[in-house]
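Fold and contact review
So you can see what is in the structure, the chains are spelled out below.
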Amino acid sequence: MNYFPDEVVEHVFDFVTSHKDRNAISLVCKSWYKIERYSRQKVFIGNCYATNPERLLRRFPCLKSLTLKGKPHFADFNLVPHEWGGFVLPWIEALARSRVGLEELRLKRMVVTDESLELLSRSFVNFKSLVLVSCEGFTTDGLASIAANCRHLRDLDLQENEIDDHRGQWLSCFPDTCTTLVTLNFACLEGETNLVALERLVARSPNLKSLKLNRAVPLDALARLMSCAPQMVDLGVGSYENDPDSESYLKLQAAIKKCTLLRSLSGFLEAAPHCLSAFHPICHNLTSLNLSYAAEIHGSHLIKLIQHCKKLQRLWILDSIGDKGLEVVASTCKELQELRVFPSDLLGGGNTAVTEEGLVAISAGCPKLHSILYFCQQMTNAALVTVAKNCPNFIRFRLCILEPNKPDHVTSQPLDEGFGAIVKACKSLRRLSLSGLLTDQVFLYIGMYANQLEMLSIAFAGDTDKGMLYVLNGCKKMKKLEIRDSPFGDTALLADVSKYETMRSLWMSSCEVTLSGCKGLAEKAPWLNVEIINETDNNRMEENGHEGRQKVDKLYLYRTVVGTRMDAPPFVWIL
Amino acid sequence: MAYEKKVNELNLKDTELCLGLPGRTEEIKEEQEVSCVKSNNKRQFEETRDEEESTPPTKTQIVGWPPVRSYRKNNSVSYVKVSMDGAPYLRKIDLKTYKNYPELLKALENMFKFTVGEYSEREGYKGSGFVPTYEDKDGDWMLVGDVPWDMFSSSCKRLRIMKGSDAPTLDASL
């Protein structure tokens, strides 16, 4: 390759798109590093505190698309206080100052403010795409700036964010000249929606392929919207309360029949299930169905809908579907690749929840299954062994038995053997979440067999430090390890400090690690940020006589090239 | 419930049943919700719980469990059945739509056309003959209003409004 001019090499690199591959290319030699960095347009930063905007811009001056992730994963479950960090403003400010031609920004678990959205909307002439997942800190005023100022906006995709809805007129802030929208997802907004503005916007957006509405969009509006957007590929229905005899419903039925390109359906935030049949004509085209927020759709209406969806590849559903419902899925959806079964009754103990039988049925009926998230009441080793035999191709396997520490409900044994079978059979497994009664043995299996494992979530599991050590020593590709309420302590934490250089992060909460252990680690590894999150009082930790032996409630450590962050709140102590 | 022992004011630490091996001091968490279930020795856990407690700590009392995004938790629907003594059919309400007891009681009053008396911790509901009760996760029938709202809304499985003479008062048994 040394004999080719740079432009040729660069052209070859254009065909290499995955981040992993591009990172690998840049390590080959100095010349490739240089060519690669100037031609890199998309950058992914899995931990916003691992680097900073200045370094990013120095290395990739031609950046067009940036993905940033902020808070650790367990923040999703309220284990991380709101003010912990993950602020996007400094990034946007730096990008704006540098005049880089940013076109796309994707953020996950970050704190976004109206100020940052406004700055974003004004600073990048070609800005096209904003995707916010699980973010917080902004209001519909921020959305109004984006709508008003981004002349070439293509995607505005808001997924499960906490947005303060000022019930304003953000939708009417899209100028009449804005006709470029391809994706508009505002399902997570709680407030009223200006239906007139919405309909006009959709009517003048011929490229609109993905539209996800919030619950304030009633059926008659849906009918009108679908009538003027037959090119729709991905639809999120907001409210679906309807009267089967109404004119709106007839209009809707007609409009749906014309949407021959529709492949993905979601929403039904409020739904009258007997009117689902309006969608039956297009179900045979659907590849993705997300009914995980549709609590009112269950029983025979749900089953009938699913029976029409023979091409489904992705299904997100509530556990009210029951084992019998999952058997229907198994016999109908032969193309299924990803299944998520969420708990419907968060009070627990529901009779309609799913068990190991549903999981086994799915594994037997869906040979292409590679990703599963399954919340259930009970599990057995035998079932997991069968699942492993049926589906050796799992990439992601996340099992959550709702009651912590629950053993195999038939044999009362720990579930070590079941999960062991999974990791042994699934040689491509990259992500695993454990639950139920588990001893150190399961970690021995994981360390031995889970060679490709990158992310592991542990809760209420294990007996001794050996468990954690098996994982740290065995899983060479581990990137993110998150542990809660398990008896792992300083011995495991400190056994191999250099391991953390190969990992993105480690989270340990309500474990056995002590303050002196963490201090020791911080001393040995200055290239790590070792954060102690203590909501009660960090000072009290120091004054306490048993200082060193004091157990640390929450530990979050991550590799970084830019040292201690300056924006940590008082309850975060960075050693 | 097992975790009441943490607010044991008599401070009988030595006689207190606790998790883990003897000789270790366990940090007592101040919050109502326990944020961890430490079990160094799981078999011991089953044996050392309070006598009154016959079921494991309920999952609704553990912070961040089940591991479901708060957005999803906030948007989940949790309908509970509401029965009123003497009414011909039951109703269902979504507890998530109410933020506190006054809102809930007002909604119940509207739904069933009655008024509930005044609540006091000492005497329950006095004045109207209607007593709102609920079945909790353990299957026990409890008086509405005794525990903090969040604890109530996450453990209430169904509601029953007991009427006048049918509602046994605590005094009656003494």
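These lines cover the structure that appears in this document, whether it is placed above or below. The model shown is predicted, which means the values in this text are computed figures rather than measured ones.

Observations concerning the pairing of strand E22 (residues 554–559) of chain A
If a strand is regular, its side chains alternate between the two faces of the sheet. All names here are of chain A. Most of E22 is tucked away: 5 of the 6 residues are buried. The sheet contact formed by strand E20 (residues 505–509) and E22 spans 5 bridges and is antiparallel. Bridged to Ser505 within E22 is Tyr558.

Here we look at the side chain of Ser121 of chain A
Residues and elements named next belong to chain A. Position of Ser121 relative to the elements: it lies in helix H6 (residues 114–123). Within the structure, the side chain of Ser121 is placed 2.7 Å from the backbone oxygen of Glu118, a separation counted as a polar contact. Not counting residues up to four positions away in its chain, the partners in contact with Ser121 are Ser145, Ile146, Asn149 and Cys150.

A word on the environment of Leu339 of chain A
All names here are of chain A. The topology assignment puts Leu339 in strand E14 (residues 338–342). Between the C-alpha atoms of Leu339 and Ser435, which are 96 residues apart in sequence, the distance is 18 Å. Excluding its chain neighbours within four sequence positions, the residues that come into contact with Leu339 are Leu315, Ile317, Leu326, Ile362, Leu369, Ser371, Ile372 and Leu373.

Digging into the pattern of salt bridges
What the rule picks out here adds up to 26 salt bridges over all chains. Two residues, Lys71 of chain A and Glu136 of chain A, come together in a salt bridge whose shortest N-O distance is 2.4 Å. With a gap of 65 residues between them, Lys71 of chain A in the loop between strand E2 (65–69) and helix H5 (89–98) and Glu136 of chain A in strand E5 (residues 136–139) connect regions that are remote in the sequence. Considered together, Lys71 of chain A and Glu136 of chain A belong to a single accessibility category, that of buried residues. Two residues, Arg565 of chain A and Glu531 of chain A, come together in a salt bridge whose shortest N-O distance is 2.7 Å. Taken together, the residues span a long stretch of sequence, with Arg565 of chain A in the loop between E22 and strand E23 (572–574) and Glu531 of chain A in strand E21 (residues 528–533) at a distance of 34 residues. Each member of the pair, Arg565 of chain A as well as Glu531 of chain A, is classed as buried. Salt bridges linked by common partners bring Asp76, Arg109 and Glu160 of chain A together with Arg69 and Arg72 of chain B together as one network.

Here we look at a negative patch on the surface
Residue and element names in this part refer to chain A. Negative charge collects at one region of the surface, where Asp6, Glu7, Glu10 and Asp14 lie side by side. Among the structural elements, Asp14 can be located in the loop between helix H1 (6–13) and helix H2 (19–26). The class for Asp14 is partly exposed, based on a relative accessible area of 43%.

A look at the nonpolar core
Taken as a class, soluble globular proteins show a tendency for nonpolar side chains to be buried jointly. Counting residues in hydrophobic clusters, the biggest one holds 186 residues, and the most contacted among them are Leu184, Tyr240, Phe268, Phe397 and Ile446 of chain A. Broken down by element, this core gets its largest block of residues, 6 residues, from helix H9 (residues 219–227) of chain A. Ignoring anything within four residues of it in the chain, the contact list for Ile446 of chain A reads Val423, Leu432, Leu434, Leu453, Leu456, Val471 and Cys475 of chain A. One finds Tyr98, Phe130, Phe152 and Leu159 of chain B within the second-largest nonpolar core, a separate group that totals 25 residues.

Some words on helix H3 (residues 30–39) of chain A
Taken residue by residue, H3 of chain A has Trp32, Ile35, Glu36, Arg37 and Ser39 of chain A as its buried positions. Residues of H3 of chain A that are buried in the fold lie against H1, H2 and helix H4 (53–59) of chain A.

Focus on the pairing of strand E7 (residues 156–163) of chain B
Residues and elements named next belong to chain B. Across 4 bridges, strand E1 (residues 79–84) lies against E7 in parallel orientation. Within the sheet, the bridge partner assigned to Met84 lies in E7 and is Ile161. As paired elements, strand E5 (residues 130–136) and E7 share 7 bridges and run antiparallel to each other. Across the sheet, the residue bridging to Val131 is Met162, located in E7.

Notes on the packing of aromatic side chains
Within the structure shown, the criterion is met by 26 aromatic pairs over all chains. Residues Trp170 of chain A and Phe174 of chain A carry aromatic rings whose centres are separated by 6.4 Å and whose planes lie at 55° to one another, so their mutual orientation is tilted. Judged by its relative accessible area of 3%, Phe174 of chain A falls in the buried class. When the centroid spacing of 5.8 Å and the interplanar angle of 75° are considered together, the rings of Tyr293 of chain A and Tyr71 of chain B count as edge-to-face. Separated into two different chains, Tyr293 of chain A in the loop between strand E12 (288–290) and helix H12 (299–307) and Tyr71 of chain B in helix H2 (residues 70–74) make up a pair that spans both. Since its relative accessible area comes to 11%, Tyr71 of chain B is described here as buried. Feature note: the residues Tyr49, Phe74, Phe77, Trp84, Trp507, Tyr556 and Tyr558 of chain A constitute an aromatic cluster, connected by ring pairs.

Quick notes on the rules
Once a new chain begins, its residue numbering starts again from 1 and follows that chain's sequence as written. Following the order in which they are written, the chains are lettered starting with A and the ligands numbered starting with 1. Owing to the predicted nature of the model, reporting of local features is limited to residues with pLDDT of at least 70; listing and counting of side-chain atom pairs is limited to 80 or more, with chain, interface and lining totals taken over all residues. The basis for every side-chain value is the complete set of heavy atoms in the structure, and neither hydrogens nor water enter the calculation. Under the scheme applied here, a residue whose accessible area is under 20% of the maximum for its type counts as buried, over 50% as exposed, and between as partly exposed, the area being computed with a 1.4 Å probe on protein chains only. We count a stretch as a helix when DSSP gives it H or I for four or more residues in a row; a strand needs E for two or more, and each element gets its number in order from the N terminus. DSSP-based pairing: two strands are paired if at least 2 bridges between them are found. Here a polar contact means two N or O atoms within 3.5 Å. Within protein one must be a hydrogen donor candidate and the other an acceptor candidate, and residues neighboring in sequence count only if both atoms are side-chain atoms. By definition in these notes, contact holds between two residues if any of their heavy atoms fall within 4.5 Å. Only one rule defines a salt bridge in this text: a Lys or Arg side-chain nitrogen within 4 Å of an Asp or Glu carboxyl oxygen. Patch membership requires over 30% relative accessible area and the absence of a salt bridge. Like charges are linked within 9 Å, and nonpolar side chains (Val, Leu, Ile, Met, Phe, Trp, Tyr) within 5 Å. All accessibility values rest on the Shrake-Rupley procedure with a 1.4 Å probe; residue burial counts only the protein chains present in the view. In this tally Asp and Glu are treated as negative and Lys and Arg as positive; neither His nor the chain ends contributes. Taken as the charge location is NZ of Lys, CZ of Arg, CG of Asp or CD of Glu. As used in this record, nonpolar core signifies buried Ala, Val, Leu, Ile, Met, Phe, Trp, Tyr and Cys residues forming a set joined through side-chain atoms within 4.5 Å. Only rings of Phe, Tyr and Trp enter the pairing, Trp through its six-membered ring, and a pair is recorded when the two centres are within 6.5 Å. The plane angle decides the type: under 30 degrees is stacked, over 60 is edge-to-face, the rest tilted.

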